[in-house]
Amino acid sequence: MATPTPLSRLFTVVLAGVLAGLVLAVAALPGNLLLGFAAKAALGNYAALPDALRTPATPQRSYLYANDGKTLITTFYDVNRTDVALAEIALVMRQAIVAAEDRRFYDHGGVDLRGMLRAVVSNVTEGSGQGGSTLTMQYVRNVLKTDPSRTAEERAAATEPTIGRKLQEIRYANALEQRLGKDEILNRYLNIAYFGSGAYGVAAASQRYFSKAPADLTLAEAALLAGLVQSPEAYSPIDGDADAALERRGYVLDSMVETGAITADQAAEARAETLTLDPSEQANGCAATTSGRDGWGFFCDYLRRWWVAQPEFGDTVEEREQALRRGGYRVVTTLDPQIQATAQRQATGIYGYDNPRAVPVAAVEPGTGRVLAMAVNRHYSLDDNPDGQVNYPNTVNPLISGGAGVAGYQAGSTFKLFTMLAALESGRTLSTGFDAPSRLPTRYAAEGEGSCDGRWCPGNSNPEWMDGYRMMWDGFGRSVNTYFVWLAEQVGPEKVVEMAQRLGITFRAESDADFAVNDAADWGAFTLGVAATTPLDLANAYATVAAEGTYCAPLPVVSVTAPDGQRLAVGDPSCRRVLDADVARAATDAARCPVGQQSAFGQCNGGTATAVNRILDGRPVAGKTGSSDQAATESFVGYTPQVAVAGIAANPDDPTDSVGAAVQARVIDAVARIIGTAVEGQPAQAFTPPSRELVGTPRRPVERDPLPDPRRTPDNPLSDLRRWLQNRG
């Protein structure tokens, strides 16, 4: 039992003087007349109540689920509570709280003058600490002290031991009783009462102490919870005094017998039960995602960053953050557990958690922008790392999506897609030909290595296989640098840069952003992927082509539902056409070449990622490899009409660390297998061929691929490695 302070005793004495005359004067009246007199004396006015009492705005926990709507990712809360309907609360729980806190709840009009006088007399004469407040009055107090729309001072005033506050509480309680039914008040009370150990409301309490829903509470469990309300921290069997909790449980059971809710035999049986707890900690925030699901934390963090950028949740970042933690939203995310599991397994299969190098991977759904998976060989954790290991094995940096100081990584020749699209959009055809030399002097000034007579002079990494007359099909398939640098010059590098931005490539590095604004026309190397990007941006850009020119902003949610059941439009895809569909189809036709498939017009004659065709067993797929200078990074993006996946091998902490050309084969394999999981069980969808207008007239017949057909090559990693190394681009 809580020990009353001298101030609270003084308060009860004074309040006794105020109320005693009133109570004694009417004590002899019949019950109904007494209730009527109390109502008039309270002078309740429902219309004058604070908004929070008329329309509860109590803070609630928000839930994040995977795309099945059932698999919990985590929750967000400042106050651990979730509203439930009265029908979702076990009857014995409802009966127990009434018996414990307000036996005359169904008889009074919000203010129990007899009970209040009894409590006052007991407090003054015995120092018992009885409250005398009805459930309705307690509800008023709880709302006012937790109302997020009130200031900290106003919330503190809701519990001050003053006569003015108590009389206000009486007026408010009476006003509520005049408008709301008893069951509604009881339901609101059970959803806001504090049960100790961080649990607000019966739903949070039943999970916290027994790991079950409030509908499944037994009599003994309900009596225990009801007993906690009087002194939650002291009685909590987890954080407080378990013996005191059991003693209080016995009191509640006896009270339930007195109210007629249960029999004496039922009370005795429940009292004999040993205290059996099954406590559960409610996950809070991204660092608390389910154990063993490391990638889920990075996805959760991306969702949180997306959330605080949405004006629908508030005018400021702070308000939006508060909405997530206090708004009681049910968020079904786009995260696909199966695709995520494959992506995490593939990423960690290339590099372990303790490797300074990383393979961030992202998967996106074309036509919606929904982010299906985000994985990397890191633990999403705030735990310290060993000395010298800045960013591994633990980090919360957004290595997959970028932001917060993470600019991304060079993705090499994957950017050739943007040059091809800009050229096709300008009226050129897939048959646009050029006799690509080993090195190409350009108009761009340059000094040192890679220059020819003061001009930038890029070269092909494998001249024997890449040099010669090329069109877009085999220029893209064989990743011919000099062909695409020449093509970018014809189109204008500024149009290539603009195309990349149109498809969602964001320049997070200050130098890249400056170049894009001030020197795009002279950014000849852009087509070779020298700007930093992220797997998420890259996957979404290629998803735009897979969706035949429809760009959709990356989206981490399927639906967002408010506590009142309203589904918010913020969860709907935000899409727009950024490319002519025929242009996108033409680019895809050429993108069939790198992965070992054939274009609709038979113009593919070699590719840098031919193993993809074998891994996906011939399912229509397109994609592109990328290698940055000195193999500092190795990348691959692949897509079908249903999914686009990008992976980049890099050292996030040291851009000068070369990951080496050999790892590209493993990145290709990983991305292909993630695609395989994403399309498993779905019918194969063919790509739509482009129109003849964008095909043009090829100037030469199809060449035979000088390499063995990958479909007939034994599944030999060393054989594959030699082929990939020869053809890498």
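Scroll up to find the structure this text is about.
Here the structure is a predicted model, which is why all the values come from computation and not from measurement.

> So what exactly am I meant to see when it comes to the overall build of the protein here?
Within the protein, the regular secondary structure consists of 29 helices and 19 strands. Of all 729 residues assigned to the protein, the portion counted as buried reaches 57%. Across the protein, the fraction of contacts at a sequence separation of at least 24, relative to all contacts at a separation of at least 6, is 72%. For the protein, the computed accessible surface area is about 29100 Å², with 49% contributed by carbon and sulfur atoms.

> Can you help me understand the environment of Gly196 in this one?
Relative to the helices and strands, Gly196 resides in the loop between helix H9 (182-192) and helix H10 (202-210). With 13 residues separating them in the primary sequence, Gly196 and Tyr209 have C-alpha atoms 9.7 Å apart. Ignoring anything within four residues of it in the chain, the contact list for Gly196 reads Tyr209, Pro232 and Glu233.

> Would you mind showing me how to read the nonpolar core here?
As a rule of thumb, soluble globular proteins bury nonpolar side chains together. Grouped together as the largest cluster of nonpolar side chains are 109 residues, with contacts concentrated most on Trp307 and Phe418. Once residues within four sequence positions are removed from consideration, Phe418 is found in contact with Val496, Met499, Ala500, Leu503, Ile505 and Ala541. Residues Met93, Met137, Val140 and Leu180 belong to the second largest nonpolar core, which totals 62 residues.

> What is the right way to read the pattern of salt bridges from this model?
Oppositely charged side chains are able to pair whenever their charged atoms sit close together. In this structure the tally under the stated criterion is 23 salt bridges. For the salt bridge of Glu177 with Lys182, the shortest nitrogen-to-oxygen distance reads 3.0 Å. The exposure classification of Glu177 matches that of Lys182, with both residues buried. With its nearest N and O atoms 2.8 Å apart, the salt bridge here joins Arg502 to Glu498.

> What is the right way to read the packing of aromatic side chains from this model?
Aromatic ring pairs are reported here in terms of the distance separating the ring centres and the angle at which the planes meet. All chains considered together, the criterion is met by 21 aromatic pairs. A centroid spacing of 6.3 Å and a plane angle of 50 degrees characterise the contact between Tyr444 and Trp456, whose relative ring orientation is tilted. Taken together, the residues Tyr444 in the loop between strand E9 (434-436) and strand E10 (451-452) and Trp456 in strand E11 (residues 455-456) connect sequence positions 12 residues apart. By the burial criterion, Tyr444 is buried, and Trp456 matches it. Seen in terms of ring centroids, Phe515 and Trp523 are 4.9 Å apart; in terms of plane orientation they differ by 25 degrees. Their pairing is stacked. Cluster of aromatic residues (ring-pair linked, three or more members): Phe415, Phe418, Phe507, Phe515, Trp523 and Phe526. A cation over an aromatic ring shows up here: Arg61 above the ring of Tyr77, its NZ or CZ 6.0 Å from the ring centre. If you follow Arg330 out to its NZ or CZ, it ends over the ring of Tyr65, 4.7 Å from the centre.

> In this structure, what is going on with the packing of helix H6 (residues 135-146) against helix H8 (residues 163-179)? I would like to understand it.
The description of two helices packed together rests on the angle between their axes and the distance between the axes. Running from amino to carboxyl end, H6 crosses H8 at an angle of 110 degrees, the nearest separation of the two axes being 8 Å. As far as their axial angle goes, H8 and H6 are roughly perpendicular. Considering the relative orientation of H6 and H8, their crossing is right-handed. Judged by residue contacts, Thr136, Met137, Tyr139, Val140, Arg141 and Leu144 of H6 engage Arg165, Lys166, Gln168, Glu169, Ile170, Tyr172, Ala173, Leu176 and Glu177 from H8. Partitioned by chemical class, the residues of the contact of H6 with H8 number 8 nonpolar, 2 polar and 5 charged.

> What should I look at first to understand the sheet that holds strand E4 (residues 361-364) in this one?
Paired through backbone hydrogen bonds, the strands of a sheet run either parallel or antiparallel to each other. Spatial ordering of the open sheet is given by E5-E4-E19-E18-E17, a layout of 5 strands whose pairing is antiparallel. Lying at the two open borders of the sheet, with one neighbouring strand each, are strand E5 (371-375) and strand E17 (622-627). The average angle at which neighbouring strand axes cross in this sheet is 5 degrees, direction not considered. Here E4 runs beside E5; their pairing, made up of 4 bridges, is antiparallel. Among the inter-strand pairings, Ala362 is bridged to a residue of E5, identified as Met374. Of the strands in this sheet, E4, E5, E17, strand E18 (634-639) and strand E19 (644-649) touch helix H24 (residues 535-546), which is tilted by about 150 degrees from E19.

> Where do I start with the environment of Gly647 in this structure?
Tracing the backbone through its elements, the reader meets Gly647 in strand E19. Residue class for Gly647 comes out buried when judged on its relative accessible area of 0%. Residues Gly647 and Val667, 20 residues apart in the sequence, show an inter-C-alpha distance of 6.5 Å. Setting aside its immediate chain neighbours within four residues, Gly647 contacts Pro360, Val361, Glu634, Ser635, Phe636, Val667 and Val671.

The rules behind these values
Residues numbered from 1 in each chain as written. Predicted model: local features only at pLDDT ≥ 70, side-chain atom pairs only at ≥ 80, totals over all residues. Heavy atoms only, no water. Helix = DSSP H or I, 4+ residues; strand = E, 2+ residues; numbered from the N terminus. Buried < 20%, exposed > 50% of the residue type's maximum accessible area, 1.4 Å probe, protein only. Contact = heavy atoms within 4.5 Å. Areas by Shrake-Rupley, 256 points an atom, 1.4 Å probe, with all protein chains shown as cover. Core = buried A, V, L, I, M, F, W, Y, C linked by side-chain atoms within 4.5 Å. Salt bridge = Lys/Arg side-chain N within 4 Å of Asp/Glu carboxyl O. Phe/Tyr/Trp six-rings, centres within 6.5 Å; stacked < 30°, edge-to-face > 60°. Lys NZ or Arg CZ within 6 Å of the ring centre and 35° of its normal. Axes fitted to C-alpha atoms, helices over the stretch in contact; angles between N-to-C directions. Parallel < 35°, antiparallel > 145°, perpendicular 65-115°, else oblique. Left-handed = near helix turned anticlockwise from the far one by under 90°. Nonpolar A, V, L, I, M, F, W, Y, C, P; charged D, E, K, R; others polar. Pairing = 2+ DSSP bridges.

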